[in-house]
Amino acid sequence: AQSVTQLGSHVSVSEGALVLLRCNYSSSVPPYLFWYVQYPNQGLQLLLKYTSAATLVKGINGFEAEFKKSETSFHLTKPSAHMSDAAEYFCAVSGASNTGKLIFGQGTTLQVKP
Amino acid sequence: GAGVSQSPRYKVAKRGQDVALRCDPISGHVSLFWYQQALGQGPEFLTYFQNEAQLDKSGLPSDRFFAERPEGSVSTLKIQRTQQEDSAVYLCASSLRGQDYGYTFGSGTRLTVV
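Residues numbered from 1 in each chain as written. Chains lettered and ligands numbered in written order. Predicted model: local features only at pLDDT ≥ 70, side-chain atom pairs only at ≥ 80, totals over all residues. Heavy atoms only, no water.

### Considerations on the overall build of chain A
Selection criterion: What counts as a helix is a DSSP run of H or I of at least four residues, what counts as a strand is a run of E of at least two, and both are numbered from the N terminus. Taken over C-alpha atoms, the radius of gyration is set against a globule rule of 2.2 Å times the number of residues to the power 0.38. Three exposure classes are used, based on accessible area relative to the maximum for each residue type with a 1.4 Å probe and protein chains only: buried under 20%, partly exposed in between, and exposed over 50%. Only the protein chains shown count as covering a residue, and every accessible area follows the Shrake-Rupley method with a 1.4 Å probe. A residue counts as positive if it is Lys or Arg and as negative if it is Asp or Glu; His and the chain ends are not included. For the purpose of locating charges, the reference atoms are NZ of Lys, CZ of Arg, CG of Asp and CD of Glu.
Each helix and strand in chain A was counted, giving 0 helices and 11 strands. Reading the secondary structure of chain A in the N-to-C direction produces β-β-β-β-β-β-β-β-β-β-β. Over its C-alpha atoms chain A spans a radius of gyration of 13 Å, differing by no more than 12% from the 13 Å that the globule rule assigns to 114 residues. Projecting the C-alpha coordinates of chain A onto the three principal axes gives extents of approximately 45 × 30 × 20 Å. Across the 114 residues in chain A, those meeting the buried criterion constitute 45%. As displayed, chain A has an accessible area near 5300 Å², and 53% of this comes from carbon and sulfur atoms. Measuring between centres, the 8 positive side-chain charges of chain A sit 7 Å from its 6 negative side-chain charges.

Dropping the structure here:
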């Protein structure tokens, strides 16, 4: 069965510091993996996705993530945090039936301190 | 319009009342998904349409929940006899093809049952 675990419901970093948001997945089939960002009272916006091409995926706003099959991980990083990065981040894995259905993690709230 | 439009943005319902939530997807998008996001949680899949066909309704939590997309465009999620546990944000997403995972999410409808 497909599942996602996001380690750490809240992460706090200083402005300019490295951002690392952790995601581990479980999948019975080769997965597609996604990171979404959600700002208050808004829908989800796709940051990046892994669809079995390059294992290092670059997304918008300077974010990137690396697919590590051996560790079943897809951690999200950004070298230098901006205040505008403060938001809720969700990792997601594709459903086994490949209909487009996504299974989301519980989310990680990123706080950026000045 | 350019994005996925959901209405109303906010809905307060008295327990036992029926509600209808509307999603207007991007024109030409074949696939449409509904997700439920409880407070502090990640979105959870409810149902999926390909054109007017409801291909997966495995996530609907009870027979009080019903979704339709009669002409393959606008979709309505109906909840009968609302309960407090139905309070959540209901997100709609559409994509050109479900399998491309190229979702665009709407801003959601926040339902509060009192």
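### Side note on the interface of chain A and chain B
Selection rule: In this description, contact between two residues means that some pair of their heavy atoms is separated by no more than 4.5 Å. Accessible surface is computed with a 1.4 Å probe, and the buried area is the amount of it that two parts give up when combined, taken over both parts together. Polar contact criterion, stated in full: a pair of N or O atoms within 3.5 Å, where within protein one must be able to donate a hydrogen and the other to accept it, and residues adjacent in sequence count only if both atoms are side-chain atoms. Polarity classes work like this: nonpolar for Ala, Val, Leu, Ile, Met, Phe, Trp, Tyr, Cys and Pro, charged for Asp, Glu, Lys and Arg, and polar for all others, with Gly in that last group.
Counting residues at the interface gives 20 residues for chain A and 23 residues for chain B. In total, chain A and chain B occlude about 1700 Å² of area from one another, counting both sides; carbon and sulfur atoms represent 50% of this. One can count 5 residue pairs in polar contact (both at pLDDT 80 or more) joining chain A with chain B. Elements with a minimum of two residues in the side of chain A that touches chain B: strand 4 (33–38), strand 5 (44–50), strand 9 (87–94) and strand 10 (102–104) of chain A. With 3 residues, strand 4 of chain A is the single largest residue contributor to the side of chain A that touches chain B. Tallied by class, residues from the side of chain A that touches chain B come to 7 nonpolar, 11 polar and 2 charged.

### Re the sheet that holds strand 7 (residues 64–68) of chain A
Residues and elements named next belong to chain A. Let me state the cut-off plainly: Any two strands are treated as partners once DSSP identifies two or more bridges connecting them. For every element, the axis is a line fit to its C-alpha atoms; helices are fit only across the contacting stretch, and the angle between N-to-C directions ranges from 0 to 180 degrees.
If you trace the 5 strands from one edge of the open sheet to the other, you get 1-3-8-7-6, paired in antiparallel fashion. Each end of this open sheet is capped by a strand with a single partner; those strands are strand 1 (3–7) and strand 6 (56–58). Averaged over neighbouring strand pairs, the angle between their axes works out to 20° when direction is ignored. Bridge count between strand 7 and strand 8 (residues 73–78): 5 bridges; the pairing is antiparallel.

### A short note on the pairing of strand 4 (residues 31–37) of chain B
Residue and element names in this part refer to chain B. Among the 7 residues of strand 4, 7 are classified as buried, and the element is accordingly described as predominantly covered. Here strand 4 shows no split at all, with Ser 31, Phe 33, Tyr 35 and Gln 37 on one side and Leu 32, Trp 34 and Gln 36 on the other all buried. Across 6 bridges, the pairing between strand 4 and strand 5 (residues 44–50) is antiparallel. Considered in strand 5, the bridge of Gln 36 is made with Glu 44. Inspection of the sheet shows strand 4 paired to strand 9 (residues 88–95) by 7 bridges, in the antiparallel sense.

### Examining the packing of aromatic side chains
Residues and elements named next belong to chain B. Operational definition: Pairing of aromatic rings covers Phe, Tyr and Trp, the last through its six-membered ring, and needs centres within 6.5 Å; plane angles under 30 degrees mean stacked, over 60 mean edge-to-face, and all others mean tilted.
Applying the stated criterion across every chain, the model contains 18 aromatic pairs over all chains. Their ring planes at 35° and their centres at 5.5 Å tell us that Tyr 103 and Phe 105 sit as a pair that is tilted. Tyr 103 gets classed as buried once you look at its relative accessible area, which sits at 8%.

### So, the side chain of Gln2(A)
Residues and elements named next belong to chain A. Note that Gln 2 resides in the segment before strand 1. A polar contact of 2.7 Å, which involves the side chain of Gln 2, links it to the side chain of Ser 27. A polar contact of 3.0 Å, which involves the side chain of Gln 2, links it to the backbone oxygen of Ser 94. For Gln 2, the contacting residues outside a window of four places in its chain are Ser 26, Ser 27, Ser 28, Val 29, Val 93, Ser 94, Gly 95, Ala 96 and Ile 103.

### Some remarks on the side chain of His29(B)
Of note, His29(B) is situated in the loop between strand 3 (19–24) and strand 4. In this view, His29(B) contacts Arg69(B), Ser94(B), Ser95(B), Leu96(B) and Thr104(B); residues no more than four positions away in its chain are not counted.

### Digging into the pattern of salt bridges
Oppositely charged side chains may form a pair once their charged atoms are brought near each other. Residue and element names in this part refer to chain B. Definition in use: Salt bridges are identified by distance alone: a Lys or Arg side-chain nitrogen within 4 Å of an Asp or Glu carboxyl oxygen.
In total, this model carries 5 salt bridges over all chains according to the counting rule given. Between Arg 22 and Asp 24 there is a salt bridge; the shortest N-O distance is 3.7 Å. For Arg 22, a relative accessible area of 39% corresponds to the partly exposed category. Among the residues examined, Asp 24 registers a relative accessible area of 29% and is labelled partly exposed. For Lys 78, the salt bridge is made with Glu 68, and the minimal N-O distance between the two is 3.3 Å. Here Lys 78 is found in strand 8 (residues 75–79), whereas its partner Glu 68 is found in strand 7 (residues 65–68), with 10 residues between them in sequence.

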